[in-house]
Amino acid sequence: MKHLFSLLILTASFSAQADTPYFGVDYMLSDIEISSESAKPTATFLRAGVSNKNMAFEAQYLVSSNDDDIYNINFDIDKSVGLYFVMQSNIVNGFGLDVSLGYAKTQMKVTSTSQELPSDYDYDGFAWGVAIHQEVPYIKNTHVRLAYQSLFEGDDVDISGVTLGFTYQF
Amino acid sequence: MKKISNVTKLSTVALIVTSILGCGSETDSSKLAKEVELEKLRENGTIIETVSIENSQVRLKAGETHQLIATGIDSNGDSRDITDELTWQTSDETIAKISSSGLLTALKNADSSQGLLTITATTINDIFDEEEISISDVAASSISLKQIAPASGSINTCMPARISADITYADGYIAQNSIRGVNFSIDEDSTARINNQGIIYTSAANIENTTVTGTINNVSGELVVTADPVNLESLNLIVAEETVDEITLNVGEQIQLAAQATYDESVSEQAVNINPSVNWSVINAGLVGLSENVSTDEGDNAAILALKPGVTQLIGSCGPKQKIATLVIEGNDDLNSIQINEGNSEYTISSSESLDLQLTANYNSSPQSLNVTEFATWSTNDSNLITAKLINPGTQQAAFRVTSKANNLGTAVITVTYDSLVSSTLINIE
């Protein structure tokens, strides 16, 4: 939690000079990898941030849309929150590339017939992503965005996903 | 001033991101990972219900290694090698350690009675087997050879059979079905061959008795094995995994040969690979080069290289049976010249150094050149200076390896003859 505070403080300092707030919504096809198997629940990503001179701070909030099974075990990303420092390329012909580094807290729910297996799992730690975006013609300040997002890489579980959505800059 | 501000920001960000990289926490998910693995096995019906360590009854000395093998029977009733699927443990890791793939390394000789150490192999669903292994330097006092496959009676001519041993040590420990450290040999009158794994290959046309001797630490034991061809019904020639009666090749083409034997149904309902037992020959040896006992991933095979166009017959024989296949070789053999390596007139090597010589046949038409090293006749004028052997037979990497003898200096002449053409080179040993 202390890391989130650190990032929030830094975000506040940037906000003082921030000139471009933005908001985004993405659909995420996530990938939970465990024991060489994979579950692919879906989720909705909400993003909000402020950018300043090719840098941005972004908060992300993920809510589950659908769950998925590995054999008889059900997996669902319950929710995930994260704060990211985003390095942004220059926009060339409306096209740009972002790389984000940050910290995410992700909660996963597991349902199985096993009595011994916990149902709630928390994965907190380093998260990163890479995104490409293209300005949408005729819709001012709006970009369509495709990204790969890694939420957690652990000893037994990796959580990542591919997102597709829109970003609107105010 | 703005630049300084940006540098400060970037440094701050870098520091925070770096601190994040090293931090994080997660709910222990090892049980979940195990449950997923179990579900996968249950779904496929391959969850192991019984496990047995196959080859633990051996004696090792400190510093030696031994690959343990475990077999499991799954919920489908199928048996499979599960060596890599187990958690392996030893009762004393100061005496021996064991890898996740079952490779046991003896670190020191055990002080316990007979040097016994317990090995445990456990499956993901907690099914386990425990066996004892011995780690001691007490020597063998006797060895008793026995047939393993078949377990008793005559062995079937041409079909590989397995010999093993029970080794009794001076402290009373008995290593059962162990070939570890045993050197096998057979009597000189037998046509059979045996390797260090205790696999015996037989090929006599009639019933043949072979005396197998196993030796360990100057202690020997003998076993008489009888090979009987009565159940051998036929031989098949296998090329590219197909049974064939005729083979068509172009000049320069090389293929691997293999043979299978069919036996009376009481012996085997399926054809048996008998490659190492087969004797191969070609009626017109000038048309093809025949390489026997070529080591391949599938074991010892034979290979043929088409050298000249024409039609001949390839014969594979084992026991009283033969398989004759027609061999058709197409193309041209307009031989122009032969050349040793790059064609140098002399080579220089040091004492005890080796040099690989390859003989290339150059043609006026396709194939432009061909490695004919193993089908040429090589000779040297001074065997006191060098020794020579053929390496990589049956492949296009075949070479005549010349090695100079230690402390002998001088010049040896290597002469090679192929298809009436002669070439030579000098080997200077300095």
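Structure shown above.
Asks: Would you explain the overall build of chain B in this entry?
Replies: Each helix and strand in chain B was counted, giving two helices and 40 strands. Here chain B, with 430 residues, has 33% of them falling under the buried criterion. Of all intrachain contacts in chain B linking residues separated by at least 6 positions in sequence, the fraction that spans at least 24 positions is 58%.

Asks: Even after reading the chapter, I still don't get the overall build of chain A, so can you show me in this structure?
Replies: Each helix and strand in chain A was counted, giving one helix and ten strands. By sequence separation, contacts in chain A at least 24 residues apart represent 54% of the contacts at least 6 residues apart.

Asks: Can you walk me through the environment of Tyr 347 of chain B in this structure?
Replies: Residues and elements named next belong to chain B. Inspection of the secondary structure assignment puts Tyr 347 in strand S32 (residues 346-349). Taking the number of C-beta atoms within 10 Å as the measure of exposure, Tyr 347 has 17 and is therefore partly exposed. With 79 residues separating them in the primary sequence, Tyr 347 and Leu 426 have C-alpha atoms 6.1 Å apart. For Tyr 347, the contacting residues outside a window of four places in its chain are Leu 355, Thr 425 and Ile 427.

Asks: What am I meant to see in unusual backbone geometry here?
Replies: Trans is the prevailing form of peptide bonds, just as negative phi is the prevailing case for residues other than glycine. Cis peptide bonds are those with omega within 30 degrees of zero, and the linkage from Ala 149 of chain B to Pro 150 of chain B qualifies with -5°. One non-glycine residue with positive phi stands out, namely Ser 35 of chain A, at about 50°. Within the secondary structure, Ser 35 of chain A is located in the loop between strand S1 (20-34) and strand S2 (37-39). The backbone phi angle of Ser 36 of chain A is positive, close to 60°, even though this residue is not glycine.

Asks: Whenever I open this one, the nonpolar core confuses me. Can you help?
Replies: Nonpolar side chains tend to gather and get buried jointly when the protein is soluble and globular. The biggest cluster of nonpolar side chains holds 91 residues, and the ones touching the most others in it are Ile 135, Ile 200, Ala 259, Ala 261 and Val 288 of chain B. If we skip the residues at most four places from it in the chain, Ala 261 of chain B touches Cys 158, Met 159, Leu 232, Leu 235, Ala 271, Val 272, Ile 274 and Cys 318 of chain B. The next biggest cluster of nonpolar side chains, apart from the first, holds 32 residues, and it includes Ile 32, Ala 39, Leu 83 and Ala 104 of chain A.

Asks: Is there a simple way to explain the environment of Thr 157 of chain B in this structure?
Replies: Residues and elements named next belong to chain B. By secondary structure assignment, the location of Thr 157 is in the loop between strand S13 (155-156) and strand S14 (161-169). We classify Thr 157 as buried; it has 31 C-beta atoms within 10 Å. Along the sequence, Thr 157 and Ile 274 sit 117 residues apart, while their C-alpha atoms lie 9.7 Å from each other. Sequence-distant contacts of Thr 157, defined by excluding residues within four places in its chain, comprise Thr 202, Ser 203, Ala 204, Ala 227, Asp 228, Pro 229, Leu 232 and Gly 319.

Asks: Even after reading the chapter, I still don't get the sheet that holds strand S40 (residues 421-429) of chain B, so can you show me in this structure?
Replies: Picture the strands of a sheet paired through backbone hydrogen bonds; they go either parallel or antiparallel. All names here are of chain B. As summarised here, the arrangement of the four strands in space is S32-S40-S39-S36, forming an open sheet in which the pairing is mixed. At either end of the open sheet lies a strand with only one pairing partner, and these are S32 and strand S36 (377-380). Strand-to-strand twist in this sheet, taken as the mean axis angle between neighbours without regard to direction, amounts to 25°. For strand S39 (residues 410-418) and S40, the ladder comprises nine bridges, and the chain directions are antiparallel. Looking across to S40, one finds that Ala 412 is bridged to Ile 427.

Asks: How do you make sense of the sheet that holds strand S9 (residues 103-106) of chain B when you look at a structure like this?
Replies: All names here are of chain B. Across the sheet, three strands lie side by side as S4-S9-S8; this open sheet has antiparallel pairing. The open sheet is flanked by strand S4 (65-67) and strand S8 (96-98), the only strands paired with a single partner. Sheet twist, expressed as the average angle between the axes of neighbouring strands with direction ignored, equals 20°. When S8 meets S9, the two strands line up antiparallel, connected through three bridges. What sits directly across from Lys 97, in S9, is Thr 105.

So, how was this worked out
- Residues numbered from 1 in each chain as written.
- Chains lettered and ligands numbered in written order.
- Predicted model: local features only at pLDDT ≥ 70, side-chain atom pairs only at ≥ 80, totals over all residues.
- Helix = DSSP H or I, 4+ residues; strand = E, 2+ residues; numbered from the N terminus.
- Buried ≥ 20, exposed ≤ 12 C-beta atoms within 10 Å, placed from the backbone.
- Contact = placed C-beta atoms within 7 Å.
- Core = buried A, V, L, I, M, F, W, Y, C linked by C-beta atoms within 7 Å.
- Pairing = 2+ DSSP bridges.
- Axes fitted to C-alpha atoms, helices over the stretch in contact; angles between N-to-C directions.

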